[in-house]
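# Fold and geometry: a report
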Amino acid sequence: MQKTLNSLKIEFNSFSYFYRIILSILIIVSLIIFIWNVCVYKIIGTSFKADHSHFKTLSLSISLPLDSEPIETENSVIEEDLPKDEFDNDIPNEIETHDYIVSSGDTLSNILNQYGIEIADIRQLVKSDPHLYNLKIGQKFSWTLNNASRLQSVTWERSRRESRRYDRVQDRFKLSVLLKTGKWQRDRLTVIVNGSFIRSAKLAGLSNSEITEVIKSLQWQIDFRKLRDGDDFRVLIMREILDGQRQQSELIGVRLSSSGKNYYAIRASDGKFYDRSGSGLNSGFMRFPTVRRYRISSQFDPRRANPVTGRIAPHKGVDFAVPIGTPILSIGDGEVMVSKCSSTAGNYVAIRHGRQYMTRYMHLKTLLVKPGDRVKRGQCIAFSGNTGRSTGPHVHFEIWINNHAVNPLTARLPCMKGITGEARRHYLDKVNKTIMQFKNR
Ligand SMILES: [Zn+2]
């Protein structure tokens, strides 16, 4: 070691004064850059969290190349409106209510958590009513949020006869049980499309929420923007009537006859709609927009406060630290709504899946699709980049359900498996009976 240093010293002294100065400056600058990279850059990147997993990433990433690590991804809110098509403008404007049908494996916390609802609020709800531990498949939840995305009220439809409502009173929730004493009746309506589907459906006697249900039930089979005059919908519906007034309703099934073909959507006991064979209606979704999973550099947070102004600056998606040029994949089958450059989102793509789901991919480098393109699940739609309001290479990824941003890491994406076994036998029985009723004049 001593020998090497001595020979280096002799070498160094043999240079002219000018070259010695240049060499010294170069060495000092390299040292500064090295120290900056190892200490400052990484510590900012991991935001000083002192749990073990972060120490692990810290020590690990020192030995890894650093070029794909963003220090901080976006410094402000991305103000890109959700794209709408002509059909959206027609859809009845329901109040800001979100709903969800309980599927197998659901708990109250995984239902509400995907919307970024605080765990403390979920705990308070269960405290107000321990029955909330026992959810049944097919039950419906709906809830409202205030402007700061905090939970205001929840409605749980336990059965056709009983629903429970939880209203926020300061930090707690107050329970009220509503027993329904109305009479349920079965109605059959016919909608013949003449101009707009929604207007035709209203004329035929369907309420706004019933129209929304019909659209949801058939969203994977037909494109509602491509209906033609004369297309014929048969709608079977259960309605609760109290004192001559309609209280609520439940869609049983729909048949659409269009261009000589019939399309069916019939409710199964799990509360979901399937076609007449009980098979799944789309190919499902992938969890991540990339082939493999990358480090998350910024989490979904609808209540994120801007560290400088203290104002709420929601982060409506998840940031993945992907190196520039990574293939970005559509997580499901769908139609490209937007593929363009914006000052905040950079090059970005928005894809609609059915009528309820939308995904957005931002800060991309190269766009490979254009508006109107149909894409398949797993199709490469772009290469990632560092465009728009972004200070490091990453992809910002969003999932929207019914015009509401949800946490892409926990979102309950529709499971499109068909029905099997005993449940399928029951379902096919119901299908036969329901189809008979569509035929009856
Ligand atoms: Zn982001």
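Under an unreviewed UniProt entry, the name given to the protein chain is Murein DD-endopeptidase MepM, and the organism recorded is Candidatus Erwinia haradaeae. In the Subcellular location (unreviewed entry) part of its UniProt record, the protein chain is described as follows: "Cell membrane".

### Details of the nonpolar core
Core analysis: the biggest nonpolar cluster contains 58 residues, and Leu 112, Leu 125, Phe 141, Trp 143, Leu 151, Tyr 361 and Ile 381 have the highest contact counts within it. Ignoring anything within four residues of it in the chain, the contact list for Phe 141 reads His 98, Asp 99, Tyr 100, Val 102, Leu 108, Ile 111, Leu 132, Leu 135, Val 154, Thr 155 and Trp 156. Residues Phe 197, Ala 201, Ile 211 and Phe 273 belong to the second largest nonpolar core, which totals 24 residues.

### Brief notes about the pairing of strand S4 (residues 162-169)
Each regular strand carries side chains that alternate between the two faces of the sheet. Note that strand S3 (residues 151-157) and S4 share 5 bridges and pair antiparallel. Within S4, the position partnered with Glu 157 by the bridge is Ser 163. With antiparallel pairing between neighbouring strands as the criterion, S3 and S4 make up a hairpin whose turn holds 4 residues. Taking the residues that link successive antiparallel strands as the turn, the S4-strand S5 (residues 172-179) hairpin has 2 residues, and the phi of Gln 170 there is positive, at about 55°.

### Things to note about unusual backbone geometry
Despite not being glycine, Ser 259 has its phi angle at roughly 45°, a positive value. Here Ser 259 shows up in the loop between strand S8 (245-258) and strand S9 (261-267). At His 363, a position not held by glycine, the phi torsion is positive, near 65°. With respect to the element layout, His 363 can be found in strand S16 (residues 357-367). The class of His 363 is buried, set by a relative accessible area of 0%.

### Comments concerning the confidence of the model for the protein chain
Residues of the protein chain with pLDDT of at least 70 account for 80%, and the chain-wide mean is 82. Segment residues 37-72: pLDDT under 50, and 33 contacts once partners within four positions in sequence are set aside and those in other chains are kept.

### Here we look at the sheet that holds strand S1 (residues 97-101)
Each strand in a sheet pairs with its neighbour through backbone hydrogen bonds, running either in the same direction (parallel) or in the opposite one (antiparallel). Across the sheet, which stays open at both edges, the 5 strands sit in the order S1-S2-S3-S4-S5 with antiparallel pairing between neighbours. This sheet does not close on itself; its edge strands, each paired only once, are S1 and S5. Ignoring strand direction, the axes of neighbouring strands in this sheet form an average angle of 20°. Helix H6 (residues 119-128) contacts S3, S4 and S5 of the sheet and is inclined by roughly 45° relative to S5.

Rules behind the numbers
Residues numbered from 1 in each chain as written. Predicted model: local features only at pLDDT ≥ 70, side-chain atom pairs only at ≥ 80, totals over all residues. Heavy atoms only, no water. UniProt positions renumbered as here; feature names shortened; annotations may be inferred. Core = buried A, V, L, I, M, F, W, Y, C linked by side-chain atoms within 4.5 Å. Buried < 20%, exposed > 50% of the residue type's maximum accessible area, 1.4 Å probe, protein only. Contact = heavy atoms within 4.5 Å. Pairing = 2+ DSSP bridges. Helix = DSSP H or I, 4+ residues; strand = E, 2+ residues; numbered from the N terminus. pLDDT = per-residue confidence, 0-100. Axes fitted to C-alpha atoms, helices over the stretch in contact; angles between N-to-C directions.

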